Amino acid sequence: MKRDKIKVLVITGYGLNCEKETAAAFKMAGADPELVHLSDMVSGKRKLDEFQLLIFIGGFAFGDHLGSGTVFANRVKFAMQDDLQKFIADGKLIMGVCNGFQTLTRLGLVPALDGKYFVQEVALAHNDKGVFRDDWCVLKANPASPCVFTRGIDQVRLPLRHGEGKFVAEPEVLAEIERKNLVAVRYVDSNGNPAENFPENPNGSLNSIAGICDETGRIFGLMPHPEAFLSPFNSPDWTLDKVNGKLAAEGEGVVFFRNAIDYIEENF
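What counts and how
Residues numbered from 1 in each chain as written. Predicted model: local features only at pLDDT ≥ 70, side-chain atom pairs only at ≥ 80, totals over all residues. Heavy atoms only, no water. Helix = DSSP H or I, 4+ residues; strand = E, 2+ residues; numbered from the N terminus. Buried < 20%, exposed > 50% of the residue type's maximum accessible area, 1.4 Å probe, protein only. Contact = heavy atoms within 4.5 Å. Polar contact = N/O pair within 3.5 Å; in protein donor to acceptor, adjacent residues only side chain to side chain. Pairing = 2+ DSSP bridges. Right-handed = clockwise from strand over helix to strand, strands pointing away. Phe/Tyr/Trp six-rings, centres within 6.5 Å; stacked < 30°, edge-to-face > 60°. Lys NZ or Arg CZ within 6 Å of the ring centre and 35° of its normal. Expected span 1.5 Å × (residues − 1). Salt bridge = Lys/Arg side-chain N within 4 Å of Asp/Glu carboxyl O. Core = buried A, V, L, I, M, F, W, Y, C linked by side-chain atoms within 4.5 Å.

A. How the structure looks around the environment of K166. With respect to the helices and strands, K166 occurs in strand β8 (residues 166–169). On the accessibility criterion, K166 (18% relative accessible area) is buried. Sequence spacing of K166 and G30 is 136 residues, and the spatial spacing of their C-alpha atoms is 33 Å. Setting aside anything within four residues of it in sequence, one finds K166 in contact with A123, L124, A125, H126, N127, D128, N203, G204 and S205. A polar contact is formed between the side chain of K166 and the side chain of D128, at a distance of 2.9 Å.

So this is what it looks like as structure tokens:
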């Protein structure tokens, strides 16, 4: 499939607020993103099978009432579960960023151990510090992960902004996630080691987990915001980079979206 024919569904509405930069990210990757309100999906006015990639974006869906992503996930599950099951079976891609990652976990689309979707196995709890955190972090990708979105990535710096980002799971679930290399990205310190302490680990996530995928590698969620680092001028250090002749051509977040579109171009 030609890149400019790849349709990306960016679901909007009810407190989500990252639709513009998310659409810009996929346009930079060469795809054709479309903003569609959740109500149009729930009502059947628009159909999931029109698209090759679905992204749940960041924001504060339904004001984070009952927990981040909970109400949004319930509306999606009870209105779109069959369509989502087919979307996954057809080999298409799903991504969730921040509030979208929270939605994915509550839907049970990640980690979906043994292919059991729509059963919640992990959660994103309140940050250990008990407050909303707006900062930058460094992530290290797991080269053994099947994740489509992190292919070729070593370390990447991204902004984060969340109050409920602590990755938690029961010990046996966490062990299975690790055994199957479903941890796609971890928070790391200045030496590239898994970050155990604040602020490098901004929320207290178990095993420094910043993002995971399902066993196919085609469904991926992470807490930091790659769509918020599309330009080198998004970086707080861009002036220093420019003085030192190290100003990049694009922001470090673009690679996640380009990887996704590359995969669809190669496989559809």
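B. Expanded view of the pairing of strand β2 (residues 32–37). Of the strand pairs in this sheet, strand β1 (residues 7–12) and β2 are connected by six bridges, and their pairing is parallel. In the strand pairing of β2, L9 is matched with E34. Remark: the β1/helix α1 (residues 19–28)/β2 crossover connection has right-handed handedness.

C. Looking closely at the packing of aromatic side chains. If you walk through the whole model with that rule in mind, you get nine aromatic pairs. A ring pair is formed by F233 and W238, whose centres lie 5.0 Å apart and whose planes are at 80°; its orientation type is edge-to-face. Taking the relative accessible area as the measure of exposure, F233 reaches 46% and is therefore partly exposed. With a relative accessible area of 29%, W238 lands in the partly exposed category. Ring-pair connections join several aromatic residues into one group, and the members of that group are Y14, F56, F62 and F72. Looking at K129, its charged tip hangs above the ring of F198, at a distance of 5.0 Å from the centre.

D. Quick look at helix α7 (residues 254–267). Spanning 14 residues, α7 covers 20 Å between terminal C-alpha atoms, matching the ideal 20 Å at 1.5 Å per step. When α7 is considered as a whole, its buried residues turn out to be V254, F256, F257, N259, A260, I261, Y263 and I264. As for α7, its buried residues are in contact with β1, α1, β3 (53–56), β4 (93–97), β7 (155–162) and β11 (219–222).

E. Looking closely at helix α4 (residues 99–107). Within α4, nine of the nine residues are buried, which leaves it mostly tucked inside the rest of the structure. Within the span of α4, buried status applies to N99, G100, F101, Q102, T103, L104, T105, R106 and L107. Just downstream of α4, G108 is the residue with a positive phi angle, here 80°.

F. Structural view of the pattern of salt bridges. Tallying each qualifying case throughout the model produces 20 salt bridges. A salt bridge links R161 to E21, with the nearest nitrogen and oxygen atoms 3.7 Å apart. You can see R161 sitting in strand β7 and its partner E21 sitting in helix α1, a full 140 residues away along the chain. E21 gets classed as partly exposed once you look at its relative accessible area, which sits at 25%. The partner of E266 in a salt bridge is R151, and the shortest N-O contact between them spans 3.9 Å. With E266 in helix α7 and R151 in the loop between β6 (133–141) and β7, this residue pair connects regions lying 115 residues apart in the sequence. The network of salt bridges with common partners includes K7, D32, E34, R46 and E50.

G. Main features of the nonpolar core. Formed by 83 residues in total, the largest nonpolar core has its most connected members in L53, I55, I94 and F167. The residues touching L53, leaving out its near neighbours within four places in the chain, are K7, V8, L9, F26, F87, L93, F149, A260, I261 and I264.

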